[in-house]
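# Observations on chain architecture
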Amino acid sequence: MQTIWLGGAEWLAVLRIGLGLWWLESWRHKDKKGWFERGTGIAWAADVAGKHRWSAVRTGFDKVVRPRPKAMAYVVVYAELALGLGLVLGFLTPIALAGGLVLNLLYLVLMIHDWAEQGQNAMMALISAVALFGVSWQTWSLDAAVGVFS
């Protein structure tokens, strides 16, 4: 593989770290008080799911998220933080990449008709897949430093 400035493994690490920073920004800009105390994030998602034209999305949301809105708010917000930290630090990287891919695909399906969000979710999912299959934790990561996932 021929690259400019950095090697292929380093460019994959840059991609992974950039994705992690994206997740951290998603976490940072959330109104945590609104999510945790007023339930704004899950209420918004419930509204989107309730109007969704795919019955599987409505049913899935009603069975998994709606019965436990407070717990799901914490799951979503802290999953984004964990993904960001895991990817930036390269800690449990393949797990973070797979988890991020799943979360972005869930967001993509939930908001399939909101084109403003689709570009972000599609690109984050693509970066997750490239970083996962490119073994992006082989350099500049805690995983590489301690020799896990090698």
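Described below are features of the structure shown in this document. None of these values were measured; they are calculated from a predicted model.

Tracing the chain through its elements places A98 in helix α6 (residues 93-110). A98 sits 65 residues away from K33 along the chain, and the two C-alpha atoms are 28 Å apart.

Turning our attention to the nonpolar core. Grouped together as the largest cluster of nonpolar side chains are 28 residues, with contacts concentrated most on L19, W23, W35, I42, F61 and L97. Contributions of two or more residues to this core are made by α1 (8-28), α2 (32-38), α3 (40-50), α4 (55-64), α5 (69-89), α6 and α7 (115-133). Top contributing element to this core by residue count: α5, with six residues. Not counting the four nearest positions on each side in its chain, I42 is found in contact with W35, F61, V65, P69, M72 and A73.

The next subject is the packing of α1 against α5. Where α1 meets α5, the axes come as close as 7 Å, and the angle between the chain directions of the two elements is 155 degrees. With respect to each other, α1 and α5 are oriented roughly antiparallel. Here α1 runs over α5; the crossing is left-handed. The residues of α5 that touch α1, namely those facing R16, I17, L19, G20, L21, W23, L24, S26 and W27, are V77, Y78, E80, L81, L83, G84, L85, L87, V88 and L89. Tallied by class, the residues present in the contact of α1 with α5 amount to 14 nonpolar, three polar and two charged.

This part covers α1. Compared with an ideal rise of 1.5 Å per residue, which puts 21 residues at 30 Å, α1 spans 30 Å between its outermost C-alpha atoms and is within 8% of the ideal. For α1, the complete set of buried residues consists of G8, L12, A13, R16, L19, G20, W23, L24 and S26. All buried residues of α1 fall inside an arc of 160 degrees around its axis, so they share one side.

Conventions we followed
Residues numbered from 1 in each chain as written. Predicted model: local features only at pLDDT ≥ 70, side-chain atom pairs only at ≥ 80, totals over all residues. Heavy atoms only, no water. Helix = DSSP H or I, 4+ residues; strand = E, 2+ residues; numbered from the N terminus. Core = buried A, V, L, I, M, F, W, Y, C linked by side-chain atoms within 4.5 Å. Buried < 20%, exposed > 50% of the residue type's maximum accessible area, 1.4 Å probe, protein only. Contact = heavy atoms within 4.5 Å. Axes fitted to C-alpha atoms, helices over the stretch in contact; angles between N-to-C directions. Parallel < 35°, antiparallel > 145°, perpendicular 65-115°, else oblique. Left-handed = near helix turned anticlockwise from the far one by under 90°. Nonpolar A, V, L, I, M, F, W, Y, C, P; charged D, E, K, R; others polar. Expected span 1.5 Å × (residues − 1). Arc of directions from axis to C-beta.

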